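Summary of the model geometry
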Amino acid sequence: MRGDAARLNEKLARFDQETSNQVLVVIYPDLTSPSLEDFTIRAAQAWKAGRGKLDNGVVLFVFKNDRKMRMEVGYGLEGALPDATAKRIIEDQIASAFRAGNPTRGLEAGIDADHRGHEG
């Protein structure tokens with residue numbers, strides 16, 4: 001699993017260098033808040049993913065035991081990655097691989113889908 005994490009970190013770092021957009025993937029065992037949306041919005045705002053005033057960051061939250069995922073997209077990327085697209089990436093790319101027992105493949109597919117969505 002460490003090798004998988006290192007490979008994903010390298011992919012995310014390359015994405016940041018190539019596009020200046022920043023993607024964070026955060027995996028928790030459980031959601032400790034009664035509200036998924038409240039927790040993810042507050043955390044994403046506190047972490048300030050992306051480059052300064054560009055607000056061009058995305059945070060993918062995964063709550064493994066609760067089987068919940070949510071993507072928070074900075075204002076600078078909302079045009080390139082609207083909520084409907086983020087939801088589709090989670091449902092079609094990430095969650096399907098998680099259900100098939102391959103979370104690493106799901107995260108990679110989600111990162112790749114996000115990257116394709118930001119190219120020209």
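For the structure given in this document, a descriptive report is provided here. The numbers attached to residues start from 1 for each chain and follow its sequence in the written order. Restriction of local features to residues with pLDDT of at least 70 applies here, the model being predicted, together with a cutoff of 80 or more for giving and counting side-chain atom pairs; totals for whole chains, interfaces and linings are based on all residues. Side-chain figures throughout are based on the complete set of non-hydrogen atoms in the structure, without hydrogens or water.

**Observations concerning the nonpolar core**
We count it as follows: As used in this record, nonpolar core signifies buried Ala, Val, Leu, Ile, Met, Phe, Trp, Tyr and Cys residues forming a set joined through side-chain atoms within 4.5 Å. Note on classification: 1.4 Å probe, protein chains only; a residue is buried when its accessible area is under 20% of the maximum for its type, exposed when over 50%, partly exposed between these limits. Under the DSSP-based scheme used, a helix requires at least four consecutive residues in state H or I and a strand at least two consecutive residues in state E, with every element numbered from the N terminus.
Formed by 20 residues in total, the largest nonpolar core has its most connected members in Val58, Leu60, Met71, Leu81 and Ile94. Mapped onto this core, the elements with two or more residues apiece are α1 (2-19), β2 (57-63), β3 (68-73), α3 (83-99) and α4 (103-118). For this core, the leading source of residues is α3, giving five residues. Counting 10 residues, the second-largest nonpolar core is a separate cluster that includes Leu31, Leu36, Ala43 and Val59.

**Describing the sheet that holds β2**
Two strands in a sheet stick together by hydrogen bonds in their backbones, pointing the same way (parallel) or opposite ways (antiparallel). Our working definition: Note on pairing: DSSP must find at least two bridges between two strands before they are called paired. Orientation is described by axes fitted as lines to C-alpha atoms, over the contacting stretch for helices, and by angles from 0 to 180 degrees between their N-to-C directions.
Reading across the sheet, the three strands line up as β1-β2-β3 and stay open at both edges, with mixed pairing between neighbours. The sheet is open, and its two borders are formed by β1 (22-28) and β3, each paired with just one other strand. Ignoring which end each strand starts from, the neighbouring axes of this sheet average 15 degrees apart. Across seven bridges, β1 lies against β2 in parallel orientation. Bridge assignment links valine 26 to a residue of β2, and that residue is phenylalanine 61.

**Comments concerning the environment of arginine 105**
Let me state the cut-off plainly: We call two residues in contact whenever any of their non-hydrogen atoms come within 4.5 Å of each other.
In this fold, arginine 105 is placed in helix α4. Relative accessible area serves as the criterion here: at 44%, arginine 105 is assigned to the partly exposed category. Between the alpha carbons of arginine 105 and aspartate 4 there is a distance of 9.4 Å; along the sequence they are 101 residues apart. Apart from the residues within four sequence positions on either side, arginine 105 is in contact with Ala97 and Ala100.

**Some points on the environment of glutamine 22**
By the secondary structure assignment, glutamine 22 is in strand β1. Accessibility expressed as a relative area gives 23% for glutamine 22, which makes it partly exposed. In this structure, glutamine 22 is in contact with Asp16, Ala49, Gly50, Asn56, Gly57 and Val58, ignoring residues within four places of it in sequence.

**Focus on the pattern of salt bridges**
Where we set the bar: Any Lys or Arg side-chain nitrogen found within 4 Å of a carboxyl oxygen on Asp or Glu counts as a salt bridge.
Within this structure, the stated rule accounts for five salt bridges. A salt bridge links glutamate 72 to arginine 70; the nearest nitrogen and oxygen atoms lie 2.6 Å apart. You can call glutamate 72 buried: its relative accessible area is 13%.

**A word on the pairing of β2**
What counts is decided by this rule: If you view a crossover with the strands going away from you and the path from the first strand over the helix to the second runs clockwise, you call it right-handed.
Burial analysis of β2 places seven of its seven residues in the buried class, which makes it a mostly covered element. In this region the chain leaves β1, passes through helix α2 (residues 36-47) and returns to the parallel neighbour β2; the handedness of that crossover is right-handed. Pairing of β2 with β3 involves six bridges; the strand directions are antiparallel. If you follow valine 59 over to β3, its bridge partner there is glutamate 72. Between β2 and β3, which follow one another and run antiparallel, lie four residues, and arginine 67 among them has a positive phi close to 55 degrees.

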